[in-house]
Amino acid sequence: MRLALQDSIVPSLRALVFIIVAFCAPTASSPSVVAAGQSQWNRIEGGAGTRCALGSDYAFFVRRADPHKLMIYLHGGGACWNAVTCTKQAIFYRAVVDPQTEPSHEGILDFGRETNPLRDFTTVFVSYCTADVHLGTRSDAYTAGLKVNHFGAANAGAVLAWTFANVRDPTIVFVTGESAGSISTPFYATRFARHYPRARVVQMGDASGAYRGDEMTFSAWGVGSLMRAEGGFESLDSTGPWIRDIYRLAARAQNHIVFAEVNAAEDSVQAFFGKAALGETTPVRQLLSLNQAEMHRSVTAYHSYILPGQEHTIILRPEFYTTVVGGIPLVQWVSNLLRDVAVGDVGTPLLSPTR
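What you see is a predicted model; the values in this text were computed from it and never measured. (Residues numbered from 1 in each chain as written. Predicted model: local features only at pLDDT ≥ 70, side-chain atom pairs only at ≥ 80, totals over all residues. Heavy atoms only, no water.)

Examining the overall build of the chain
Here comes step 1: The helix and strand tally for the chain stands at eleven helices and twelve strands.
Here comes step 2: Of all 355 residues assigned to the chain, the portion counted as buried reaches 58%.
Here comes step 3: Long-range contacts, defined as pairs at least 24 residues apart, comprise 76% of the intrachain contacts of the chain with a sequence gap of at least 6.
Here comes step 4: Summing over all exposed atoms, the chain offers an accessible surface of approximately 14,000 Å²; the carbon and sulfur share of this is 53%. (Helix = DSSP H or I, 4+ residues; strand = E, 2+ residues; numbered from the N terminus. Buried < 20%, exposed > 50% of the residue type's maximum accessible area, 1.4 Å probe, protein only. Contact = heavy atoms within 4.5 Å. Areas by Shrake-Rupley, 256 points an atom, 1.4 Å probe, with all protein chains shown as cover.)

Rendered as structure tokens:
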């Protein structure tokens, strides 16, 4: 470990307020309250074996449309890994699936917008309430009277089981997510590619491209037992940059997946969590540049879109439709990914240390 976590993780009041705003206050990516009878979303209970971090019930959401087009959306909402970050107040993570709310109707989930390239996709929204980037396999008692259920893998497994039983033969599968939800998208993309061998599978992560990972979160969440039981991931090394390695091993396990990431060059939330969890003080743009270079060396079909600024996440925001970098609209870039039209890296000059 590169720092003493208990000393480094306790944030200043300003940073603490920032985290509360980033992950707990209503934003464009927060769930929406919708009047009865007006929703396109169907709520599905997770059932036996599923659970949220502090013991409440798990549920996910489905919006039915074209059965041959499938989008899997892994929701974000922070993470926790020790007694300081895993509190009953859930400041650092989302701890429930609120029965009164449902997924956002913004960004790529704005299905009424004609310019949305995903407007006719059957969509499965993987709710997030386990503080483990959808990959955890264990409960941890961080302090007396506080047990956190890192059951992200079981919850996601229930979602996959429902999807496989109800969406039989898609021609395209888009696996995406934002923030914490985007970290596991390459892993789950391999499961969909394996189950739907005739489908075109496209993965895209939003706002996690500066993370690398180390043994701390890997062991706290029990990621190893999940990964090493999965074909192609047996060699995942918990002491190295395992978040990046998920891409490399996913590409090796299913070499027909198209991989992509969207990130802001100075993402303030990635900077905070990188320092809090990993002791990372390198500027985000440099980490993005390093990781992008690694991806191009190890993953053949990998593409990146870099935005200017510090904003964290974009695909659930209205700005998804108005952002243009280097003359290339983000919405068009995503549309081209889906349609198998050639795309290149966008915004790479923003990662230059001289900017």
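That shown, we press on.
Description of the environment of Trp242
Here comes step 1: Its location among the elements puts Trp242 in helix α8 (residues 242-253).
Here comes step 2: On the basis of relative accessibility, which here comes to 1%, the residue Trp242 falls in the buried class.
Here comes step 3: Taking the C-alpha atoms as reference, Trp242 lies 8.1 Å from Phe218; in sequence the two are 24 residues apart.

Brief notes about α8
Side chains that are three or four residues apart share a direction in an α-helix, a result of its 3.6 residues per turn.
Here comes step 1: End to end, α8 covers 16 Å across twelve residues, agreeing with the expected 16 Å (1.5 Å per residue, within 8%).
Here comes step 2: Along α8, nine of the twelve residues are buried, which leaves the element largely enclosed by surrounding structure.
Here comes step 3: Trp242, Ile243, Arg244, Asp245, Ile246, Tyr247, Leu249, Ala250 and Ala251 are the residues of α8 that are buried. (Expected span 1.5 Å × (residues − 1).)

A short note on the state of the cysteines
Here comes step 1: Enumeration according to the criterion identifies two disulfides in this entry.
Here comes step 2: Each sulfur of the disulfide joining Cys52 and Cys129 lies 2.1 Å from the other. Handedness here is read from the sign of the S-S torsion; for Cys52 and Cys129, about -80°, the answer is left-handed. Taken together, the residues Cys52 in the loop between β1 (42-45) and β2 (59-63) and Cys129 in the loop between β4 (121-126) and β5 (138-143) connect sequence positions 77 residues apart.
Here comes step 3: Each sulfur of the disulfide joining Cys80 and Cys86 lies 2.0 Å from the other. (Disulfide = S-S within 2.5 Å.)

Some points on the environment of Asp98
Here comes step 1: Looking at the element boundaries, Asp98 is found in the loop between β3 (66-74) and β4.
Here comes step 2: A relative accessible area of 35% places Asp98 in the partly exposed class.
Here comes step 3: Along the chain, Asp98 and Ser127 lie 29 residues apart, while their C-alpha atoms are 9.9 Å from each other.

A few points about the packing of α8 against helix α10 (residues 284-298)
Here comes step 1: Contact geometry for α8 and α10: axes closest at 10 Å, N-to-C directions at 20°. If you check the angle between α8 and α10, you find them roughly parallel. In the crossing of α8 with α10, the sense of the turn from one axis to the other is right-handed. Contact residues: Arg244, Tyr247 and Arg248 in α8; Asn291, Glu294, Met295 and Ser298 in α10.
Here comes step 2: Here the residues of the contact of α8 with α10 are counted per class, giving two nonpolar, two polar and three charged. (Axes fitted to C-alpha atoms, helices over the stretch in contact; angles between N-to-C directions. Parallel < 35°, antiparallel > 145°, perpendicular 65-115°, else oblique. Left-handed = near helix turned anticlockwise from the far one by under 90°. Nonpolar A, V, L, I, M, F, W, Y, C, P; charged D, E, K, R; others polar.)

Observations concerning the pairing of β5
Here comes step 1: Of the pairings in the sheet, the one linking β5 to strand β6 (residues 146-150) comprises five bridges and is antiparallel in character. Across the sheet, Arg138 pairs through a bridge with His150, a residue of β6.
Here comes step 2: The hairpin turn running from β5 into β6, its antiparallel successor, is two residues long, and Gly145 in that turn takes a positive phi close to 85°. (Pairing = 2+ DSSP bridges.)

Overview of the nonpolar core
Here comes step 1: Within the largest apolar cluster, 114 residues are counted, with the highest numbers of intra-cluster contacts made by Leu135 and Trp333.
Here comes step 2: Top element by residues in this core is α8. It accounts for seven residues. (Core = buried A, V, L, I, M, F, W, Y, C linked by side-chain atoms within 4.5 Å.)

Focus on unusual backbone geometry
Phi is mostly negative for residues that are not glycine, and the peptide bonds are mostly trans.
Here comes step 1: Despite not being glycine, Ala90 shows a phi value in the positive range, around 55°.
Here comes step 2: Relative to the assigned elements, Ala90 resides in the loop between β3 and β4.
Here comes step 3: Overall, Ala90 belongs to the buried group, its relative accessible area being 9%.

Some details on the sheet that holds strand β10 (residues 302-307)
Here comes step 1: With mixed pairing, the eight strands of this open sheet are ordered in space as β1-β2-β4-β3-β7-β8-β9-β10. Each of the sheet's edge strands pairs with one partner strand only, and the pair in question is β1 and β10. Averaged over all pairs of adjacent strands, the angle between strand axes in this sheet comes to 20°, irrespective of strand direction.
Here comes step 2: In terms of strand pairing, strand β9 (residues 258-264) meets β10 through six bridges, oriented parallel. Of the residues in β10, the one forming a bridge with Ala260 is His303.
Here comes step 3: Running over the sheet, helix α5 (residues 185-195) touches β3, β7 (172-178), β8 (200-206) and β9 and is turned about 165° from β8.

Remarks on the packing of α5 against α8
Here comes step 1: Running from N to C, α5 and α8 cross one another at 20°; their axes reach a closest spacing of 8 Å. Here α8 runs roughly parallel to α5, going by the angle between their axes. As α5 runs across α8, the sense of the crossing is left-handed. Between α5 and α8, the contacting residues are Thr185, Pro186, Phe187 and Thr190 on the first element and Ile246, Tyr247 and Ala250 on the second.
Here comes step 2: Its residues assigned to classes, the contact of α5 with α8 comprises five nonpolar, two polar and no charged.

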